[in-house]
Amino acid sequence: MFSRRRFLGSAIAVAGATAGFTAPTSPTAQAAQVAPEVIVRPGDARYAELAERGYNNRFVATPDEIWLVHCASQVEKAVNQAIANNQRITVRGGGHCFEGLVDDPQFRVLVDLSEMKDITFDPAMNAFAVQAGARLGEVYKALYEGWGVTVPGGVCPEVGVGGHVTGGGYGPLSRRYGLVVDHLYAVEVVVADRGGKARTVIATRNAGDPNRDLWWAHTGGGGGGFGIVTRFWFRSPGASGSPSALLPKPPARMRKTIVTWPWAKLTEASFTRLVLNHGAWHAANSAPGSPYAVMHSSLQLHSSLAGTVQLEIRMDATLANTAKLHDDYIRAVNAGVGVEPTVDVKEGTWLEIVLEPTASYGAYSRQKSMGGHLREPLTGAQVGAIYRSLSDPNHYGAGLVYLAAYGCKINTVSSSATAIPQRDSVLKFWYSNNWADPAQDEAEVNWLRTLRKNVHGATGGFPVPNDQQDGGYINYPDVDMRDPAQNTSGVPWYSIIWKGNYPRLQRVKTTYDPTNVFRHALSLDPA
């Protein structure tokens, strides 16, 4: 099947591993503990592999220098050099950006965090410290094996923590425990002052912290626009006691189910019924306190080329009513569809399920996508537009409409408490298209644009917040949102993503990056 992500192997070893730590240290002290920075330039045998680590092969980095860093002081050094030489600088964590926000030829210095992946407990902060180059799978494994806890992050273990967290990441445990940023206690960020000097700031959620707004900006404001995050600390609000009591505990066992409908048996009417059933169910079962908070699912509407439509379910397998909740849900989604799906059920430990690598797109490594939030399900007319795009006989890309469960615990937090404001939605959506041939770029990008425009035509081609829609998502970026020829809504791109939180985010930008050192196609300008 086609999956959301292309599995990437670990970065090549070019320096020693970083040393562990138990308390915040100054950049000078950090530098004494770790290997020197590694700077890779064109002509170096390592350059191509490091430059081409991005997810989307439509964009390939061509920097003058790639800095493999090990601590905040080394990031400061890279930032200071870039400012002094008037070089655009960018940062890469896991390498999974869908747009060219990192792999853009304007960037001449690329800071690669992949060697910064320590995961420890920090007694001084009474929180779990995670360096920003770690991947989600590494975090899940370290937290669970060390302390029996986790954070409610994303479904793809190969995704980098840095971008995922700063965008307000969600995943299979979010309906039960909230977004990953709801458990973010502090961030360590390299910023640049008005005089062109880099400095490292630690910002916490503590009410009296003078840098609290910088912490807040990293709870959904997106990565790479305020500074370079080098470390996160996680502790659930109100948690106390031993480390094993400071973050959520995942279920001991999980059930993972794939429900599959063959495209060949789905008419437009049965396809529409399936999607409408799915939307109606989530509208009715996503309130805080729902018994279905223990379950996450995603309806994956693949192009007819893929041959199937699939529903993936992940849920707590330890409950007395697991089987009933599971079967009732599948029955509700399939009611009246008229096509009997295959149901593949397996169970395993939480770690076995969460660390499963996602399937590969293989040669289909060129991509265009966008996404957002739904307060109410898609309408029949919108589902019809999706059906026509996915069944287009002249389309040969790996198209996907991904409808993921949202709500429950997520919606118990106010829209201004974190930078990500979507706190009353029931579904997250993602439209994606992958293909292999560069010669098909224009046609395949236009396929995605046509899908988006037809589904959201009433609001200028994008999910402008209204009674049904609740805006975009910076972790599903689409630079078309800034183009008035594409975004005909008349609503600024930043209001579509951040709604009423935009003014505060801009103030944070002005305070911590007044000369706009850290910028990309979807970052905010200083006021």
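Basis of the calculations
- Residues numbered from 1 in each chain as written.
- Predicted model: local features only at pLDDT ≥ 70, side-chain atom pairs only at ≥ 80, totals over all residues.
- Heavy atoms only, no water.
- UniProt positions renumbered as here; feature names shortened; annotations may be inferred.
- Buried < 20%, exposed > 50% of the residue type's maximum accessible area, 1.4 Å probe, protein only.
- Helix = DSSP H or I, 4+ residues; strand = E, 2+ residues; numbered from the N terminus.
- Core = buried A, V, L, I, M, F, W, Y, C linked by side-chain atoms within 4.5 Å.
- Expected span 1.5 Å × (residues − 1).
- Arc of directions from axis to C-beta.
- Contact = heavy atoms within 4.5 Å.
- Pairing = 2+ DSSP bridges.
- Axes fitted to C-alpha atoms, helices over the stretch in contact; angles between N-to-C directions.
- Parallel < 35°, antiparallel > 145°, perpendicular 65-115°, else oblique.
- Left-handed = near helix turned anticlockwise from the far one by under 90°.
- Nonpolar A, V, L, I, M, F, W, Y, C, P; charged D, E, K, R; others polar.

- For the chain, the name recorded in an unreviewed UniProt entry is FAD-binding oxidoreductase, with Streptomyces glaucus as its organism.
- According to the UniProt record, the Cofactor (unreviewed entry) comment for the chain reads "FAD".
- For the record of the chain, the UniProt heading Sequence similarities (unreviewed entry) holds the text "Belongs to the oxygen-dependent FAD-linked oxidoreductase family."

## Overview of unusual backbone geometry
Phase 1: The backbone of Asn86 shows a phi angle near 55°, a positive value even though the residue is not glycine.
Phase 2: Taking the relative accessible area as the measure of exposure, Asn86 reaches 73% and is therefore exposed.
Phase 3: The phi dihedral of Asn516 is positive, around 60°, even though this residue is not glycine.
Phase 4: By the element assignment, Asn516 lies in the segment after α14 (502–512).

## Quick word on the nonpolar core
Phase 1: Core analysis: the biggest nonpolar cluster contains 133 residues, and Trp261, Phe271 and Leu301 have the highest contact counts within it.
Phase 2: One finds Val38, Ala51, Leu68 and Val102 within the second-largest nonpolar core, a separate group that totals nine residues.

## Some words on helix α9 (residues 322–334)
Phase 1: Between its first and last C-alpha, α9 extends 19 Å over 13 residues, near the 18 Å set by a 1.5 Å rise per residue.
Phase 2: Turning to α9, its buried residues number three or more, namely Thr322, Leu325, His326, Tyr329, Ile330, Val333 and Asn334. In an axial view of α9, the angular spread of the buried residues amounts to 150°, which keeps them on one side of the axis. In α9, the exposed positions that point more than 90 degrees away from the buried face belong to Lys324 and Arg331.
Phase 3: Contacts from the buried residues of α9 go to β10 (253–262), α8 (268–284), β11 (295–302), β12 (308–316) and β13 (342–349).

## Here we look at the sheet that holds strand β1 (residues 38–40)
Phase 1: Spatial strand order, β1-β2-β4-β3: four strands in an open sheet with mixed pairing. At either end of the open sheet lies a strand with only one pairing partner, and these are β1 and β3 (88–92). Within this sheet the neighbouring strands show an average axis-to-axis angle of 25°, counted without direction.
Phase 2: Sheet topology note: the β3/strand β4 (residues 107–112) ladder contains five bridges and is parallel. Bridge assignment links Arg92 to a residue of β4, and that residue is Asp112.
Phase 3: Sheet strands in contact with helix α3 (residues 72–84) are β2 (65–68), β3 and β4, and its direction is about 160° off that of β2.

## With respect to the packing of helix α11 (residues 380–390) against helix α12 (residues 441–455)
Phase 1: Running from N to C, α11 and α12 cross one another at 165°; their axes reach a closest spacing of 8 Å. Here α11 is positioned roughly antiparallel relative to α12, judged by the angle of their axes. Note on packing geometry: the crossing formed by α11 with α12 is right-handed. Residues Gln382, Ala385, Ile386, Ser389 and Leu390 of α11 form the contact with α12, whose own contacting residues are Trp447, Leu451, Asn454 and Val455.
Phase 2: The residue inventory of the contact of α11 with α12, partitioned by class, reads six nonpolar, three polar and no charged.

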